[in-house]
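Fold and contact review
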Amino acid sequence: MPTLPLQVINLIADLTIFFFVGYYLLRFVKREKDLEEKEKLLKEKEGKIDTEYHLVVDNALTKERKIIEDATDQAESIISKTEFVSQESKEMVNRALRQMAFDIQKESYDAGRKFIGDYEIFLDKLSVTSLSGFQNITKEFGTDLERQIKEFRQTLLPSIEKEIEGYKIQRLKSLDKEINALVQKVSQKALNKSIPSEDHSNLVIESLEKAKKEGIFD
Amino acid sequence: MEDLDLSVFFKTNVEAIDFRTGLSNISEKIYSTDFDLEKALIAQFGIEKKDRFEMLLRNNNILPNSGPALKDFLGKLQEKISSLPVISLTLAFEPGERDLESIFDWFPLNINKQLLLDIKVDTDIIAGAYINYNGKYSDFSIKPIFDQICSE
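Residues numbered from 1 in each chain as written. Chains lettered and ligands numbered in written order. Predicted model: local features only at pLDDT ≥ 70, side-chain atom pairs only at ≥ 80, totals over all residues.

A word on the overall build of chain A
From N to C terminus, chain A includes 2 helices and 0 strands. Looking at chain A as a whole, 5% of its 218 residues qualify as buried. (Helix = DSSP H or I, 4+ residues; strand = E, 2+ residues; numbered from the N terminus. Buried ≥ 20, exposed ≤ 12 C-beta atoms within 10 Å, placed from the backbone.)

Quick look at the structure:
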């Protein structure tokens, strides 16, 4: 059995495997060292960036405070100026209003005086013209009224009198009828009550006698 | 049976109906074990009418304890009451017992008939009566005479 070639092949294969394993171990160690160096570099960069960041933030805060302080100063200045202006304006407006009220009062007084004067003149004129007008109207009214009364007497009055007379007759007739009916009803009741029970009974027997004679019971 | 005088029991149509109903009630109980005619008559008509009814039984030779005879007699009485003619009278006054009696008694005495009275009251007729019998109607009241006098 040829074992030697196999053993040689086996040895070569083992050697190859060891070689590869060793090679990869070396590469791994080297890569790890590279990574550690990169990490160190990154940490340095990070420290630097952090320092710069704090510097920028501090600057910004300082500037911000400065801006706020400036703005506050300006606002205070504006408010104090405004108050002054407002006070001044108020006084001006009050003065103007007082002046306006005085002017209006004066104008009203003048206008009122003028109106009263005009009205007095107008009334004087009116009383003169109205009196004569009124006299004319009264005269016309009187004439018209007389004419209407005359017409009423001539045309409407006779017909109204006739109607009233008719109504009177009708009403009297109706009353007569009602009175008669009432008298009749009362008399009936009175007569009915005035007859004694015995007489009533006798009249019923009489009625039966009459009925017998008339042949009602045949 | 024809000569039975029932005027002591009723005079008007309404009374006759009540009496007939009482007879019918008694007739239904005749064969009951606890039937007592005297008690039944008192219950239906009262003591006075009970005595008169017992007299009526004696006059017609009916023994109170004879069930079939009694039942037959009660039946005949009911038939007679149903066959009695009715006269309708409108009067001008409310008649009392004596007035009703005199009117009621007039019929057997004058026309040989027993009639039941159907009384109505109308004071407007003043006096007298309206009579309505067997489809015939007559006005014997004072009202037409009074109306005539008033119209004159």
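A short note on the overall build of chain B
When its secondary structure is counted, chain B shows 6 helices and 4 strands. Seen in sequence order, chain B has helices and strands lined up from the N terminus as α-α-α-α-β-α-β-β-β-α. Per-residue burial over chain B gives 20% buried out of 152 residues. For chain B, the proportion of contacts with a sequence separation of at least 24, taken over those separated by at least 6, is 61%. (Contact = placed C-beta atoms within 7 Å.)

A short note on the sheet that holds strand β3 (residues 129-133) of chain B
All names here are of chain B. Here 4 strands make up an open sheet; going across it, the order is β2-β1-β3-β4 and the pairing mixed. Here the strands that pair on one side only, and so sit at the sheet edges, are β2 (116-121) and β4 (136-139). Put simply, the sheet's adjacent strands are angled 15 degrees from each other on average, direction ignored. Where strand β1 (residues 86-91) meets β3, 5 bridges bridge the pair, whose relative direction is antiparallel. Within the sheet, the bridge partner assigned to L89 lies in β3 and is I131. (Pairing = 2+ DSSP bridges. Axes fitted to C-alpha atoms, helices over the stretch in contact; angles between N-to-C directions.)

Overview of unusual backbone geometry
For residues that are not glycine, phi is negative in most cases, and the peptide bond is trans in most cases. Residues and elements named next belong to chain B. In this structure, I126 takes a positive phi of about 70 degrees despite not being glycine. For I126, a count of 26 C-beta atoms within 10 Å translates into the label buried. Residues other than glycine seldom take positive phi values, yet N134 does so here, at roughly 55 degrees. One can find N134 in the loop between β3 and β4.

A look at the interface of chain A and chain B
Between chain A and chain B, the contact holds 20 residues from the first and 24 residues from the second. Of all the elements in the fold, those that place two or more residues in the side of chain A that touches chain B are α1 (4-194) and α2 (197-213) of chain A. Residues belonging to the side of chain A that touches chain B are distributed by class as follows: 9 nonpolar, 7 polar and 4 charged. (Nonpolar A, V, L, I, M, F, W, Y, C, P; charged D, E, K, R; others polar.)

Remarks on the pairing of β1 of chain B
All names here are of chain B. Of the two faces of β1, the one lined by I87, L89 and L91 is fully buried and the one lined by V86, S88 and T90 carries no buried residue. Of the strand pairs in this sheet, β1 and β2 are connected by 6 bridges, and their pairing is parallel. By the bridge assignment for β2, S88 is matched with D118. Considered for its hand, the β-α-β crossover made up of β1, helix α5 (residues 97-110) and β2 is right-handed. (Right-handed = clockwise from strand over helix to strand, strands pointing away.)

Observations concerning helix α1 (residues 13-29) of chain B
Residues and elements named next belong to chain B. Taking 1.5 Å of rise per residue, the 17 residues of α1 would be expected to cover 24 Å, and the 25 Å separating its terminal C-alpha atoms lies within 8% of that figure. Among the residues of α1, those classed as buried are F19, R20, G22 and L23. When α1 is viewed along its axis, its buried side chains cluster within an angular range of 160 degrees and face the same direction. The inward-facing, buried residues of α1 abut α2 (37-45) and α4 (67-83). (Expected span 1.5 Å × (residues − 1). Arc of directions from axis to C-beta.)

Considering the environment of L37 of chain B
Structurally, L37 of chain B is set in helix α2. Placed 28 residues apart in sequence, L37 of chain B and N65 of chain B show a C-alpha to C-alpha distance of 8.1 Å.

So, the confidence of the model for chain B
Residue and element names in this part refer to chain B. On average, residues of chain B score 87 in pLDDT, and 98% of them reach the 70 mark or higher. Predicted confidence in chain B is weakest over helix α6 (residues 143-151), with a mean pLDDT of 84, and strongest over β1, with 93. For this predicted complex, the interface score ipTM comes out at 0.81, while the overall pTM is 0.51. (pLDDT = per-residue confidence, 0-100.)

Some remarks on the packing of α2 of chain A against α5 of chain B
The contact between α2 of chain A and α5 of chain B brings their axes to 10 Å, and the two run at 20 degrees. Judged on the interaxial angle alone, α5 of chain B and α2 of chain A are roughly parallel. In this structure, the crossing between α2 of chain A and α5 of chain B has a hand that is right-handed. Contact residues: S197, S201, V204, I205, L208 and K212 of chain A in α2 of chain A; D99, S102, I103, W106 and N110 of chain B in α5 of chain B. In terms of residue class, the contact of α2 of chain A with α5 of chain B is made up of 5 nonpolar, 4 polar and 2 charged. (Parallel < 35°, antiparallel > 145°, perpendicular 65-115°, else oblique. Left-handed = near helix turned anticlockwise from the far one by under 90°.)

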